[in-house]
Each structure stands twice: as structure tokens, then as C-alpha cells.
Amino acid sequence: MSQTVVHIVLNPFIQDSRVIRECKSLAKIGYDITVIAYWLEGLNIEEMENGYKIIRIPIMTKSWSKNPIIQMIKYLEFFIRSLFVIKKIQPNICHGHDPDGLLIGYFAKLFWKSKLIYDSHEYWADSIHLTGNKRILFKLGRQIEKILIKRAEVVIAVNKSIADIISKENNVKSIVVIRNITNKIQSVTQYTREGLGFPDCDFNIIYIGNIQRGRGIEIMIKSMERVYNNISLVFMGKDSAFKIEMKKLSKSKKLESRISFINSVHPNQILSVCKLADVGIAPIENLCKSYYLSLPNKIFEYIHAELPVLVSDFPEMKNIVENYSVGEVFNVDEPSSIIGVINNYFDNPDQIIKYEQNCLQASKELNWDNEEKQLFNLYKKL
């Protein structure tokens, strides 16, 4: 009889690439996987995908206000309903993602003796969320993490820098590192620059991911005033209030002909879009340790699309870019540094070709087929 596993996420589980990869991999080798997420209108409450089951829980309080106290009530409802689902499944293992998933998984361990895995997607002790209007909730989440992390049989972190600091601060002896690396092979769809709305320029820089504060979006737009006129910038990400604000900024600087905001595509199609560009960029700002120590999935997606990479001069990103010689780093606090690196790329096509070749070689090592082995090993030990 196969081992039964429940993964717990506090999102609708549409584009959670990290958890999708983990569940797909575990289902592939015979684990009976169920993902518990929350339901949004238009989504199936229950469905099978890639060999695992998804159960989305309708939250009656979902439409209530976003006041922090009300948000806690919403989570309490999700918490209780999740435990009823887990009770029916009686899993051997509960895999809780981030502190909100950890808490539910811990109670499943208490009630039904499940093994507990804690999968931390970022460094929660110093996260950008602790400065927002929901900081009370995230501070509470950090306290939950601090108390319960030692109750987990296994702790997972997204890179070595974050694993080391979590281990030291929480006195956890061993933490498994599983990076959020893209799959080796993804489906290829025929897109065109014109069809997607790329600017009509000779050289295209692309940014993929959330268009939010702290991701260097505003810095990039302002830098475009001083890079060569035949260089464009494409942002691909979900709609947000900040995205609207950045569109207005672009328009105010009369850069609409060189800056485009395009819609997100299915995760399996991201590489197809990236291949239309010439360079991929990740201009993360140092607003918190979680950002400073981050290793965004977009870097690996650029590499798999054979795009030279431009990244902020932060340890984990710099380590990948320099060790595999796939691009350049810049000082995100110095616009002249960004501008210089971009213009230098354009002036040195031979160097770009070398980086593209190195990306191809790096992708043979930096892929989920290799990274998933860490996941398999920790599950076998449980």
C-alpha cells in the first residue's frame, strides 16, 4: 500500500510552481498525494492533475474585509475545514508549506500521528511581509514557525544561505535544501514578439514574475531613460495595483514604445516566451534578508531558455551567475551600474553568445530532474 501524503498550501494552487513540482514528482514514484488549498470562484473544488488530487476548500468568510482580525478568522475557518479533510484521509505524512501550513500539519501530527515536514519558501524571520499592512499576521506566523519548527521530522529550505540562518536561529540541526528549479523539459508553444506585444526594438530584456514593490520594477523603468534607444524592456506578470502604477510611470516618462507589460502565461509556456527575449533580469532590491538571500525561480527559467542573466549583486544569485558564467551582476542601488551592464551587453554580442552556450550547459545540471532527488531521499528516510 502506498504512503499517503497531504500537502497544505494557503493559496488556490494555480501557479505554485514549487509545490506543483514536488507533488508531481512524488506521485510519479507512487506516493498517494493530496493537496489542500482554498477555493476561488471558477476553480474546481476537487480535481486530479499530474497524478495527484487537489481539494480546494470553500471559505464562507472569504468575502469579508481584509482587516487583520478578520483575516485571522478566515484562516481559522480554513484551519478547521482542513483538519476535517485530513481526518478523512489519515495521511502518513503532512507536508506543510510556510508557517500557515506548518500549523495545520502540526495538529494533524498531534491528532493522527502523521509525520510532519515543514517546507519554508522564504526566510520568514525577516520578510517583506513584516513591514506591510498585514504585518501583525506575519509576525504571528513567525512565532508559530519558531515554536513548531522543532516539532517537524524534516525541515526544507529553498537555498543554502536561508537553510544556514534558519538552522542557527531555531537550533535545527539538519535542514534539507531543495531549490525552486525549473523542469528540464517544458512544452513549447509558438509565440511571436508581435503577438505578445513586445516592443519593436533590436534588443529585448525580459522580467518574469510578480510585479510588486521590492522587485526592482521602478528602478528598471527609470534606468530605461538612459540605456540605448533600441533596447526594450518587457514585464510579464499578473495584474496588480502596483502594475497599474508602473504603467503610469512608464507613460509619464514617454517610454511606452520601449516598455511593455504583457499577461502571464501558463507555467509550462514561460520558457517559450523567454526565448523571444535577448536577456533575462532579476533586479531584486535589498528590502529584507529574505530578498537579499533569495534565489528566484526566474533565474533558472532564464537559464533554461538560454538567456544570459542579469541579477542583483546578492549572494545566492551571484553564486549561480558567476559559478556557471551565465551572465552579470549589478548594484541595484546604483542606476549607473544597471545601465552600464545593459549597454555593455548590447555592445558585446560575442559575449552574449558565450553566455547562451553556458546557459545550455548549466541547464543540464540545474534542473528539477536532479533537484527532486533530495526530495525523494528525505521521503524515503521518513
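Provided above is the structure to which this section pertains.
Quick caveat, the model's predicted, so the values are computed rather than measured. Along each chain, residues carry numbers from 1 onward, in the same order as the chain's sequence is written. pLDDT decides what is reported in this predicted model: residues at 70 or higher carry local features, side-chain atom pairs at 80 or more are listed and counted, and totals for whole chains, interfaces and linings draw on all residues regardless. The side-chain numbers reported here are obtained from all heavy atoms of the structure, hydrogens and water having been left aside.

Turning next to the pairing of strand β11 (residues 259-262). Think of it in three bands: residues with accessible area under 20% of the maximum for their type are buried, residues over 50% are exposed, and the middle band is partly exposed, with areas taken using a 1.4 Å probe on protein chains only. We count a stretch as a helix when DSSP gives it H or I for four or more residues in a row; a strand needs E for two or more, and each element gets its number in order from the N terminus. Neither face of β11 is left uncovered, since the one carrying Ile 259 and Phe 261 and the one carrying Ser 260 and Ile 262 both have all their residues buried. Here, any two strands with at least 2 DSSP bridges between them count as paired. Both strand β10 (residues 231-236) and β11 contribute to a ladder of four bridges, which runs parallel. The residue of β11 that forms the bridge with Met 236 is Ile 262. A clockwise course of the path from the first strand over the helix to the second, judged with the strands pointing away from the viewer, identifies a crossover as right-handed. With helix α8 (residues 241-252) bridging β10 and its parallel neighbour β11, the resulting β-α-β unit is right-handed.

With that out of the way, let us pick up the packing of aromatic side chains. Paired rings are identified among Phe, Tyr and Trp, the last through its six-membered ring, by centres lying within 6.5 Å, and are further divided according to the angle between planes into stacked (under 30 degrees), edge-to-face (over 60) and tilted (the rest). As enumerated under the stated definition, the model contains 14 aromatic pairs in all. Ring centres 6.2 Å apart and planes at 70 degrees place the aromatic pair Phe 13 and Tyr 52 in the edge-to-face group. Here Phe 13, found in the loop between β1 (4-8) and α1 (17-28), pairs with Tyr 52, found in strand β4 (residues 52-57); they are 39 residues apart in sequence, far enough to count as distant. One exposure class covers both Phe 13 and Tyr 52, and it is buried.

As a further point, take the sheet that holds strand β13 (residues 309-312). Sheet architecture is open: six strands sit in the order β11-β10-β9-β12-β13-β14, paired in parallel fashion. A strand with exactly one partner marks an edge of an open sheet, and here the two such strands are β11 and β14 (327-330). Recorded for the sheet is a direction-independent mean angle of 25 degrees between the axes of neighbouring strands. Judged from the two bridges that link them, strand β9 (residues 203-208) and strand β12 (residues 279-282) form a sheet pairing that is parallel. When the bridges of β12 are listed, Ile 206 appears paired with Gly 280. Throughout, a residue-residue contact means that at least one pair of heavy atoms, one from each residue, lies within 4.5 Å. Orientation is described by axes fitted as lines to C-alpha atoms, over the contacting stretch for helices, and by angles from 0 to 180 degrees between their N-to-C directions. Against the sheet, helix α13 (residues 335-347) makes contact with β9, β10, β12, β13 and β14, and its axis sits at roughly 160 degrees relative to β14, the strand it touches most.

Tracing the backbone through its elements, the reader meets Ile 162 in helix α5 (residues 160-170). For Ile 162, a relative accessible area of 1% puts it in the buried group. Taking the C-alpha atoms as reference, Ile 162 lies 20 Å from Leu 103; in sequence the two are 59 residues apart. With residues near it in sequence (within four places) discarded, Ile 162 still touches Glu 122, Tyr 123, Ala 157 and Leu 293.

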